[in-house]
Amino acid sequence: MKKYVCNVCGYVYDPAVGDAESHIPAGTAFEDLPGDWVCPVCGAGKEEFSPEE
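Residues numbered from 1 in each chain as written. Predicted model: local features only at pLDDT ≥ 70, side-chain atom pairs only at ≥ 80, totals over all residues. Heavy atoms only, no water.

Chemist: Just checking my understanding: could you explain the overall build of the protein chain for this structure?
Modeler: When you go through the protein chain residue by residue, the secondary structure sums to 0 helices and 3 strands. Each helix (α) and strand (β) of the protein chain, taken in turn from the N terminus, gives the series β-β-β. Here the protein chain has a C-alpha radius of gyration of 10 Å; the compact-globule value for 53 residues is 10 Å, and the two agree. Reported as C-alpha extents along the three principal axes, the dimensions of the protein chain are approximately 25 × 20 × 15 Å. Of all 53 residues assigned to the protein chain, the portion counted as buried reaches 36%. For the protein chain, long-range pairs separated by at least 24 residues make up 44% of all intrachain contacts whose partners lie at least 6 apart in sequence. (Helix = DSSP H or I, 4+ residues; strand = E, 2+ residues; numbered from the N terminus. Rg over C-alpha atoms; globule rule 2.2 N^0.38 Å. Buried < 20%, exposed > 50% of the residue type's maximum accessible area, 1.4 Å probe, protein only. Contact = heavy atoms within 4.5 Å.)

Chemist: Help me understand unusual backbone geometry in this model?
Modeler: Leave glycine aside and you will find that most residues have negative phi; peptide bonds, for their part, are mostly trans. The phi dihedral of His23 is positive, around 60°, even though this residue is not glycine. Looking at the secondary structure, you find His23 in the loop between strand S2 (12-13) and strand S3 (49-51).

Chemist: I tried to follow the sheet that holds strand S1 (residues 4-6) on my own but got confused; where do I start?
Modeler: Pairing between the strands of a sheet is mediated by backbone hydrogen bonds and can be parallel or antiparallel. Overall, antiparallel pairing links the 3 strands, which are arranged S2-S1-S3 in an open sheet. The two strands at the open ends of the sheet, each matched to only one other strand, are S2 and S3. Bridge analysis of S1 against S3 gives 3 bridges, and the strand direction is antiparallel. Note on S3: the bridge partner recorded for Val5 is Ser50. (Pairing = 2+ DSSP bridges.)

The values reported here are purely geometric and, on their own, carry no functional implication.
Written out as structure tokens, the structure is:
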């Protein structure tokens, strides 16, 4: 699964880790995150993320 980077603050969403703070379990693909999920560091929406190169 591909990692995604926040274009605002540089946070990397790693599906292998998930986002424990938002109760997103490890193994959750970025595409499967809820529509209202936001960056845990800066609060940016999913639309502010890009696939990691």
